[in-house]
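Geometric and topological summary
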Amino acid sequence: IDDRTAYGQGLADEFEKAAKAAGAEVVTREYTTDKETDFAAILTKVKSTKPDLVFYGGMDTQAGPMARQLKTLGITAPMLFGDGACTVEFHKLAGEGAEGHYCSLPGVPLDQMAGGTAFRDRYKAKYKTDIQLYAPYAYDAVRVVAEAMKQVGSTETAKFLPALAALNYPGLSAQIQFDEKGDIKDGAVTLYQAKAGAWSALETMGGKPSN
């Protein structure tokens, strides 16, 4: 299922492609929108296919209610989401329906980052709320751009981009370097499962820890 956005549909397309390549059968492909909150019709059709897994490409705003309604309809198959639903908000919206579902998030778990738990604790002390799982990456993104600007003494994009591309920066989330395409070198992806109102890390694929 996807929400017809560039993010959600793109994610579902890639999941479908990889699943088929690995020998899985996609029993139905359904669509909703990034504004919808009632998924009864879609999930009733999904239930009739007796799936082993339900993949949803979209954000937590829809993923939470969808997981809640999945439980109400008695569908026992777990759901899998991308990083858009790998959030604290998902648990608030899904309630008891959150338990047992999965999500993937780029990077390593917080407790495997150099200073990761200290970052979380400082944030919580200042803002009185938990961080989103992707907060360390946003923090690092700002810091690497600032570092590149400092190195060339300019905020002009044309001047600092070459410095950014050449950085080897000890970030919070990882030792940050970029490949020729501008992607993170040695990027990791972690699979999480919803347990007792939180996302619990299961397995990390790839990656190189920060120093």
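Notes on the structure in this doc start here.

1. Side note on the packing of helix H6 (residues 135–152) against helix H7 (residues 157–165)
What describes two packed helices is the angle between their axes and the distance between those same axes. Two elements in contact, H6 and H7, have axes whose closest approach is 8 Å; the angle formed by their N-to-C orientations is 115°. In terms of axis orientation, H6 runs roughly perpendicular to H7. Between H6 and H7 lies a crossing of right-handed hand. Only Lys159, Phe160, Ala163 and Leu164 of H7 make contact with H6, whose side of the interface consists of Val144, Val145, Ala148, Met149, Gln151 and Val152. For the contact of H6 with H7, the class distribution of residues is eight nonpolar, one polar and one charged.

2. Structural notes on H7
Where H7 is concerned, the buried positions are Phe160, Ala163 and Leu164. Within H7, the buried residues cover an arc of 105° as seen down the axis, which keeps them to one side. Of the residues in H7, the exposed ones pointing more than 90 degrees away from the buried face are Ala158 and Pro162. Close packing links the buried residues of H7 with H6.

3. As for the pattern of salt bridges
For the structure on display, the rule yields 13 salt bridges. Between arginine 29 and glutamate 16 there is a salt bridge, and its shortest N-O distance comes to 2.5 Å. Remark: glutamate 16 occurs in helix H1 (residues 6–21) and arginine 29 occurs in the loop between H1 and helix H2 (40–48); sequence separation between them is 13 residues. Glutamate 147 is the salt-bridge partner of lysine 150, the closest N and O atoms lying 3.7 Å from each other. Taken together, the residues lysine 150 and glutamate 147, both in helix H6 and three residues apart, mark about one turn of the helix. Assessed through its relative accessible area of 63%, lysine 150 is described here as exposed. Each of the salt bridges in this network shares a partner with another, and the network as a whole consists of Asp2, Asp13, Glu16, Lys20 and Arg29.

4. Quick look at the nonpolar core
Formed by 25 residues in total, the largest nonpolar core has its most connected members in Ile1, Met79, Phe81 and Phe90. Listing elements by their share of this core, those giving two or more residues are H2, strand S1 (54–56), helix H3 (60–72), strand S2 (79–81), helix H4 (88–94), strand S3 (102–106) and strand S6 (188–195). Broken down by element, the residue count for this core peaks at four residues, all from H3. Residues contacting methionine 79, with those up to four places away along its chain left out, are Leu53, Val54, Tyr56, Met66, Ala67, Leu70, His101 and Tyr102.

5. Quick notes on the environment of threonine 61
Along the chain, threonine 61 falls in helix H3. Taking the C-alpha atoms as reference, threonine 61 lies 9.5 Å from alanine 94; in sequence the two are 33 residues apart. Polar side-chain contacts of threonine 61 include one of 3.4 Å to the side chain of aspartate 60.

6. Details of H2
Burial in H2 covers these residues: Ile42, Leu43 and Val46. All buried residues of H2 project into a common sector of 90° when viewed along the axis, lining one side. Residues Ala41 and Ser48 are exposed on H2 and point more than 90 degrees away from its buried face. Buried-residue contacts for H2 involve S1 and H3. Positive backbone phi, approximately 50°, marks lysine 50, located one or two places after H2.

7. Description of the state of the cysteines
Under the criterion given, the structure shown has one disulfide. A sulfur-sulfur separation of 2.0 Å characterises the disulfide bridge that pairs cysteine 86 with cysteine 103. Linking cysteine 86 and cysteine 103, the disulfide has an S-S dihedral of approximately 40° and is accordingly described as right-handed. Of the two residues, cysteine 86 is situated in the loop between S2 and H4 and cysteine 103 in strand S3; the sequence distance between them amounts to 17 residues. Judged by relative accessible area, which is 0%, cysteine 103 ranks as buried.

Cut-offs and rules
- Residues numbered from 1 in each chain as written.
- Predicted model: local features only at pLDDT ≥ 70, side-chain atom pairs only at ≥ 80, totals over all residues.
- Heavy atoms only, no water.
- Axes fitted to C-alpha atoms, helices over the stretch in contact; angles between N-to-C directions.
- Helix = DSSP H or I, 4+ residues; strand = E, 2+ residues; numbered from the N terminus.
- Parallel < 35°, antiparallel > 145°, perpendicular 65-115°, else oblique.
- Left-handed = near helix turned anticlockwise from the far one by under 90°.
- Contact = heavy atoms within 4.5 Å.
- Nonpolar A, V, L, I, M, F, W, Y, C, P; charged D, E, K, R; others polar.
- Buried < 20%, exposed > 50% of the residue type's maximum accessible area, 1.4 Å probe, protein only.
- Arc of directions from axis to C-beta.
- Salt bridge = Lys/Arg side-chain N within 4 Å of Asp/Glu carboxyl O.
- Core = buried A, V, L, I, M, F, W, Y, C linked by side-chain atoms within 4.5 Å.
- Polar contact = N/O pair within 3.5 Å; in protein donor to acceptor, adjacent residues only side chain to side chain.
- Disulfide = S-S within 2.5 Å.

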